[in-house]
Amino acid sequence: MAEPTPGTPLVELIDVHKGFGPVSVLKGVSLTVYPGKVTALVGDNGAGKSTLIKGLAGVQPYDSGQVLVDGRRVDLHGPREAAALGIEVVYQDLALCDNLDIVQNMFLGREETSWGTFDEGRMEREASETLRSLSVRTVKSVRQKVSSLSGGQRQTVAIARSVLKKARLVILDEPTAALGVAQTEQVLALVRRLAEQGVGVLLISHNLADVFAVADDIAVLYLGQMVAQIPAADTDRDDVVAYITGSKSPEGEAA
Amino acid sequence: MSEPTTRTEEPEAGLAPPANRFTATLSHVVSDLGRNGIFIALVAVIALFSILTIRGGDSILLRPQNISNLIVQNGYILVLAIGMVLVIVAGHIDLSVGSVAAFIGAVSGVFIRDFGAPWWLAILLSLVVGAIVGAWQGFWIAFVGIPAFIVTLAGMLIFRGLALVVLGNANIGSFPEEYRAIGNGFTTDWFDTGLPLDPLTLVIGGVAVIGIVVQTWRARVARLQYAQEVEPVAWFVAKLVFAVVGVGLFTFALASFKGIPVTLIILAALVLIYGIIQNRSVFGRHIYAIGGNRHAAELSGIKTRQVDFWLFVNMGVLAALAGLIFTARLNLAGPKAGDGFELEAISAAFIGGAAVQGGVGTIGGAIIGGLIIGVLNNGMSILGIGIEWQQAVKGFVLLLAVAFDVFNKRRSGR
């Protein structure tokens, strides 16, 4: 495998396996994510990308293998454990509640309370601050219902939600899949800003143009195996496509 | 009664800034009326029947005794509606509440007649049995994953059957006076001054009025502090005056009859408590989240099964309370008790703006919905309209209310 980016890894997966009955989806995957870097995870449909991130999110724990955070071994058995370690996922279907407003969505499942009831002022302030720190100016009011937002705004809220509680690793699942050109630009800029703030970003995408626009590292999954993790600067589009389609493999490569 | 609905919707996006103060006021009036359509409907229904029931220069509907009756007669439906709207917001339904109310009424009778339990213990144990009934249904819904419609349909049959079993094919009658007070009692039963206007009622009504004024004023000041938009002073004052006059007249009506019904005290306490749960507690917020997007709620770390379970435990307790109030009112636990209560409670929630697919609905709305049904029942009875037409009219009103809601949502692009 190619040389990874130097520095202390934020999250390391070592030889993780996951199967569903007789079907083995992850066959010994290793992955390294560094703080302040955008690592893109690419691979064809069915390569195991979703399974890999669900394991990291604690939604579907891995069958075997190690997860290291800051070099320490951790167990991920639920979304709360992952969140406690600073791992947040922004899902492709966004996982927002249309009937709630932006503040309510950003604090869902971790509401701030005082004396048993909501501390609305504090939540509203923190939500606004987080949006401001990400230089989000497209949202008119944080008390807007999410149902009234555009696709790009919803993506923005979902990403802001993930960093609200000082996330250290943010996993973005196809953040630009349903967006137009201008909105894609906005979201990619947001991804860069996350990394600049020192957050480790794991970006899952099918769109190689997006990947090369923001990624520092590119990791390629092929049929449940990690075939490459290479700095984006050391590779090109054709190379990555070859890994994704399986026409190039780590053993036989001449990179 | 204070209005717990704090719908924090922003004004329609893209609305042009009002040109002057008159149009500003007008646009606020229009948007407020649209948002509180259900409340306007209640006022309209009351106005309609007030006029229709005028006999010899006096409106029967607005007689103090009738107003007092209206509350007491509908108390148990309103108690059920509070629980039901939360169940509906989470995307479930509960068809069993009428049967559970009958079952608990019977159980409380047995506690008193056969076990000789004092009234307070009988009430307490009955509420505990209600919680167990709710836990039973909540278990199947939340942890086994059977749809609430099926579980509570089964519950409707099971608990109607068990009510008959407990009663042993006979009525249980004659409950202790204290027990009967929850359905029949008035504050003047304890503090009777013999004055034409009960002073205690006036004091409590006065406190309520002051509470309303202070609360709305503080909300306005807080919005101003956060530099948020506030409604024009004229409309703000008009609404406040309307609320104060309404509560004031209601207070005078009660004070000139027998004082405050115990059922109303129970109801007011429930509305306050559940208003806080709905708007300001984690449990309440999670109910709305689950109704809005169950999958998203789960991914956010909300324990959706636990919320579902406790929601039905809560419904069981409220169904038990409704059963107790009904039994106390009739001074009788009978096999037909609670017949059709579930439908009235569900209607109340939907008339009050709850959405079938979940995520939307308020306790304030459900209470208003329940009052609309109550005024319809009461008004039509005064007019001597037969039960068959009352049923038909109520069905029609339910359909209209929901159709209005659908129309409103479509117009606002959602």
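The numbering scheme is per chain: residues are counted from 1 as the chain's sequence reads. Chain letters and ligand numbers both follow the written order, the letters beginning at A and the numbers at 1. Local features are withheld for residues below a pLDDT of 70 in this predicted model, meaning they are given only at 70 or higher, and side-chain atom pairs are given and counted only at 80 or more; totals for whole chains, interfaces and linings count all residues.

## Considering the interface of chain A and chain B
- Two residues form a contact once the distance between their C-beta atoms, set from the backbone, is within 7 Å. Tallying the contact residues gives 25 residues for chain A and 24 residues for chain B.
- By the criteria applied, helices consist of DSSP H or I runs no shorter than four residues and strands consist of E runs no shorter than two, each listed in order from the N terminus. Listing elements by their share of the side of chain A that touches chain B, those giving two or more residues are α2 (79-84) and β8 (117-118) of chain A.
- No other element matches the 3 residues that α2 of chain A contributes to the side of chain A that touches chain B.
- Residues are grouped as follows: Ala, Val, Leu, Ile, Met, Phe, Trp, Tyr, Cys and Pro are nonpolar; Asp, Glu, Lys and Arg are charged; every other residue, Gly included, is polar. The residue makeup of the side of chain A that touches chain B, split by class, is 9 nonpolar, 10 polar and 6 charged.

## Some details on unusual backbone geometry
- Even without being a glycine, D70 of chain A presents a positive backbone phi close to 55°.
- Topologically, D70 of chain A is positioned in the loop between β4 (64-69) and β5 (72-74).
- Partly exposed residues are those whose C-beta has more than 12 but fewer than 20 other C-beta atoms within 10 Å; 20 or more makes a residue buried and 12 or fewer makes it exposed, with C-beta atoms placed from the backbone. On the neighbour-count criterion, D70 of chain A (14 C-beta atoms within 10 Å) is partly exposed.
- Even without being glycine, N331 of chain B reaches a positive phi, approximately 55°.
- Relative to the helices and strands, N331 of chain B resides in the loop between α13 (304-330) and β4 (332-333).

## What about helix α15 (residues 363-382) of chain B?
Residue and element names in this part refer to chain B.
- Expected helix span is computed as 1.5 Å times (number of residues minus one). With 20 residues, α15 extends 28 Å from end C-alpha to end C-alpha; this agrees with the ideal 28 Å at 1.5 Å per step.
- For α15, a buried count of 14 out of 20 residues is recorded, marking the element as mostly surrounded by other parts of the structure.
- Immediately beyond the C-terminal end of α15, within one or two residues, lies G384, with a positive phi of roughly 75°.

## A short note on the nonpolar core
Residues and elements named next belong to chain B.
- Grouped together as the largest cluster of nonpolar side chains are 179 residues, with contacts concentrated most on L80 and A81.
- Top element by residues in this core is α13. It accounts for 15 residues.
- Among all residues touching L80, those that are not within four sequence positions of it are V97, L318, A319, A322, F341 and A345. The term nonpolar core refers to a group of buried residues, namely Ala, Val, Leu, Ile, Met, Phe, Trp, Tyr and Cys, whose C-beta atoms join them within 7 Å.

## Notes on α13 of chain B
Residues and elements named next belong to chain B.
- Counted at 1.5 Å a residue, the expected span for α13 with its 27 residues is 39 Å, and the 39 Å between its end C-alpha atoms agrees.
- For α13, a buried count of 20 out of 27 residues is recorded, marking the element as mostly surrounded by other parts of the structure.
- Trailing α13 by a residue or two, N331 shows a phi angle of about 55°, which is positive.

## Things to note about the sheet that holds β5 of chain A
All names here are of chain A.
- The 4 strands lie next to each other as β2-β1-β4-β5, forming an open sheet whose pairing is antiparallel. On the outer flanks of this sheet lie β2 (23-33) and β5, each paired with one strand and no other. Recorded for the sheet is a direction-independent mean angle of 30° between the axes of neighbouring strands.
- Being paired, for any two strands, means DSSP has found at least two bridges between them. As paired strands, β4 and β5 are joined by 3 bridges and run antiparallel to one another. When the sheet's bridge partners are listed, L68 is paired in β5 with R73. Fitted lines through C-alpha atoms give the axes, limited to the stretch in contact for helices. The angle between two N-to-C directions lies from 0 to 180 degrees.

## Some points on the sheet that holds strand β6 (residues 87-90) of chain A
Residue and element names in this part refer to chain A.
- Strand order across the open sheet formed by 6 strands is β6-β9-β10-β3-β11-β12, with mixed pairing between neighbours. Edge strands, defined here as strands with exactly one partner in the open sheet, are β6 and β12 (225-231). Here the average twist between neighbouring strands, direction ignored, is 20°.
- Taken together, the 4 bridges between strand β3 (residues 38-43) and strand β10 (residues 200-204) define a ladder with parallel strand orientation. Counted as the bridge partner of A40 is L203 from β10.
- Of the strands in this sheet, β6 and β9 (169-173) are in contact with helix α5 (residues 151-163), which crosses β6 at around 170°.

## A word on the pairing of strand β1 (residues 11-20) of chain A
Residue and element names in this part refer to chain A.
- Bridge count between β1 and β2: 8 bridges; the pairing is antiparallel. Within the sheet, the bridge partner assigned to G19 lies in β2 and is S24.
- Linking two consecutive strands that pair antiparallel, namely β1 and β2, is a turn of 2 residues; a positive phi of about 60° is found at G21 within it.
- Alignment of β1 against β4, held across 5 bridges, turns out to be antiparallel. Residue pairing across strands places L13 opposite V67, the latter belonging to β4.

## What about the pairing of β10 of chain A?
Residues and elements named next belong to chain A.
- Among the 5 residues of β10, 5 are classified as buried, and the element is accordingly described as predominantly covered.
- Burial of the side chains of β10 extends over both faces: G200, L202 and I204 are buried on one face and V201 and L203 on the other.
- In this structure, β9 lies alongside β10, joined through 5 bridges in parallel fashion. Its bridge partner lying in β10, D173 is registered against I204.
- In this fold, β9 hands off to helix α6 (residues 181-196), which returns the chain to β10; that crossover is right-handed. Looking down the strands as they point away from the viewer, one classifies a crossover as right-handed if the path from the first strand across the helix to the second runs clockwise.

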